[in-house]
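Residue-level structure breakdown
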Amino acid sequence: MAIQVYNTLTRRKEPFEAVQPGKVGMYVCGPTVYKPSHLGHAVGPIIFDTIKRYLQYRGYQVRWVVNVTDVDDKLIVESANQKTTVFELAERVTADYLANLKKLNVVGIDDLPRASECIPEIIEIVQRLIDRGAAYPVDGDVYFDIIKDEDYGKLSNRKPEEQASGTREGLVLGGKRNPGDFALWKASKPDDPDEVKFDSPWGKGRPGWHIECSAMSSKYLGQPFDIHGGGMDLIFPHHENEIAQSETARGCQFAKYWMHNGLTRINTKKISKSDPEMQDLLRRLTLSALLNEYSPELIRFFVLQTHYRRPIDFSNDAMESSNKALSTFYRFFERVERITGTSPYDVPFKPEGAAGIADPVAGAFLKTVAEYKLRYEEAMDDDFNTAGGIAALFELVTFINRFADEQQLEASKGVKADAAQSLQSAAGTVIFLGQLLGLFSEKPPKAEESLGGELTAKLVELLIDVRNKARKAKQFEIGDHIRTQLAAMGVKLEDRPDGTIWRME
Ligand SMILES: [Zn+2]
C-alpha cells in the first residue's frame, strides 16, 4: 500500500506520489535565531527527521532543506539588548540549535541555508513578482498585492477580504493597496545595523520573512517540490504567503503536500506566566536545559509518542510515563543480552530471520514477529503515525517476552539454541524498527554507570549477595529490609531464575 499523507491543502489524506519518481524534496521552516531554542523548536525537526528516515526505508531518495532566518526585526532588537552584533547572535544561537538537534539524533538535514546567504535569489523572485504586476514598490518597501492572486487563502481557507492585518477599516494602510498585502522587501531604517542592509533595485533593505522561504526552497528543491512542513501556527499567514508568492512568480504549483505538526503545550495546571513555578518550567524548557535533565532519546521518544498532527503536552508526569515506557524497551534488550550473551545492539538486523531455524515453535514465533513488523509499517504508512508504530513495538516486545517466559530461556541458557537464536533475531527487529524512528542507535548507559561508577555497583552486588545468604538462612526480615532500603534509594531488585539483577528506577 502506498504511504498516505494528510495534506493541509486538500484537507484529506492522499496517497503519496513523488513529483519525480523515487525522489523526495522536503522543506521545513526553521528557526529565527535570536534566542536559545526550546522544546517547540525540536519537535518539527524530530518529526521530519523521522519522516525522512521512513521515506528512505520505503526506497525514496530524500533531500531535506531547513532554513535559518538570520535577518529579522527580532534579531536586531535582541542583539542590541545583548550589546552584540546580529551576526554574532545568529551564529551563536544557530550553533546551539544544531548541537541540540545532533544530540536528539536529528541528522538528516541536507541543506541549512541562511536567509542572508540567499539575497540574490530573493531579489530575483521579488523582481519577477513586480514584473508580473503582482507586487509594487512603495518608498523602498515592496508589497505583494494579494488581490492579484486568485487562489489567495486556499491553504488556510480564508478569503482576501478577511485580511484586515490588524487595522480597522479606514485606518492608514501605510502605502499598502489592501490591508492584507504583505512586505516582500523592507527598506532599512536609519538605526538598522549594517549587517542587515542589502543593496536592491529598491534601495538598501532586507527581505520579508515569507519571501525567504519561497526563495530558499526553490533554490535547493526546484518547483514544484514534494513536501512542505512546519508547525500549525505557520499555516497563516506564513505558508499562505509563501504559496501566493511562489505560484504567482513561477506560474506553477509550489509544493505538493503541506504537512503541519501540532504545537507544544505546557501542562501548567493553569498557572500564570509570572508564577515562579511557570518561570521555572519555562527556563527548563530551553533545549539545553531539557537535555541536561532528560536523555535525548527520552525526549525524542516522548515527542514521537504523539501523532505529529496532535499537540504535544509537556509535563513532568508525561516525561515520567514516557521514561517508564522507554525503560520497558531497555529492560527487554538487557534480558536478551542475559539470555543470548550478546546485546541486540551488536547484532546486525537480518530480514530473513527465520532462515535456518528448524524448531517449529521458534519458526512460528518468528512468523508472528514478522506480522508485528507489518503492523508497524501499516501505522507508519498511514500518515507517519509514529504513535501507532511505537504501540506496535510495545506489543511486539510483550509478545517476545512471553515467548522467553514460556520457553524458560533464562533457566535453560545455552540449551535451546534455536529458541535463543530466534529471540536474538526478534530483538533485532525491534532495534531495527526503532532506528527508523531515530531510536536505539546507541546502547543506553548501564544502571551502574548512571549511579556513579564501579564501587557503587560492587556495593549493590554485595548487598544482593548478603540478601541471598540471609534468605537461604530463612532470615527473610533481613532480606526484605535490604530490598526495601535499596528501593528507597531508587535501586530495584528483580529475582530471576538465573539470579538477582538490579537497576535504577
Ligand atoms: Zn517558512
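Residues numbered from 1 in each chain as written. Predicted model: local features only at pLDDT ≥ 70, side-chain atom pairs only at ≥ 80, totals over all residues.

1. Focus on the overall build of the chain
How we decide: Working definition: helices are DSSP H or I runs of at least four residues, strands are E runs of at least two. Numbering for both runs from the N terminus. Remark: C-beta atoms are placed from the backbone, and a residue is labelled buried if 20 or more other C-beta atoms sit within 10 Å of its own, exposed if 12 or fewer do, or partly exposed between those counts.
Tallying secondary structure elements over the chain gives 16 helices and 14 strands in all. Along the first, second and third principal axes, the C-alpha set of the chain runs to 95 × 50 × 35 Å. A buried classification covers 40% of the 505 residues belonging to the chain.

2. Quick notes on the environment of T386
The residue T386 is located in helix α12 (residues 386-406) in this model. Each C-alpha atom of the pair T386 and V65 lies 22 Å from the other, and the pair is 321 residues apart in sequence.

3. Overview of the sheet that holds strand β7 (residues 182-187)
The test is simple: Two strands are counted as paired when DSSP detects at least two bridges linking them. The axes used here are C-alpha line fits, helices contributing only the stretch in contact, and every angle between their N-to-C directions lies in the interval 0 to 180 degrees.
Strand order in the open sheet made by the four strands is β5-β6-β7-β8, with antiparallel pairing throughout. The sheet is open, and its two borders are formed by β5 (135-138) and β8 (205-207), each paired with just one other strand. Adjacent strand axes in the sheet meet at a mean angle of 20°, parallel and antiparallel pairs treated alike. Bridge analysis of β5 against strand β6 (residues 141-144) gives four bridges, and the strand direction is antiparallel. The residue of β6 that forms the bridge with V138 is D141.

4. Observations concerning the domain arrangement of the chain
Defined as follows: Boundaries between domains were set according to an automatic or database domain assignment. By definition, residue pairs are in contact when their C-beta atoms, positioned from the backbone, come within 7 Å. Asp, Glu, Lys and Arg are counted as charged, while Ala, Val, Leu, Ile, Met, Phe, Trp, Tyr, Cys and Pro are counted as nonpolar; the rest, among them Gly, fall into the polar class.
The assigned domain composition of the chain is domain 1 (4-261), domain 2 (284-435) and domain 3 (448-504). The C-alpha-based centres of domain 1 and domain 2 are spaced at 38 Å. In this complex, domain 1 contributes 23 residues to the contact, which on the side of domain 2 involves 21 residues. Residue assignment for the side of domain 1 that touches domain 2 shows that the elements contributing at least two residues are β1 (4-7), α1 (39-57), α3 (86-103) and β10 (255-261). Ranked by the residues each element gives to the side of domain 1 that touches domain 2, the list is headed by α1, at nine residues. Across the side of domain 1 that touches domain 2, the residue classes tally to eleven nonpolar, nine polar and three charged.

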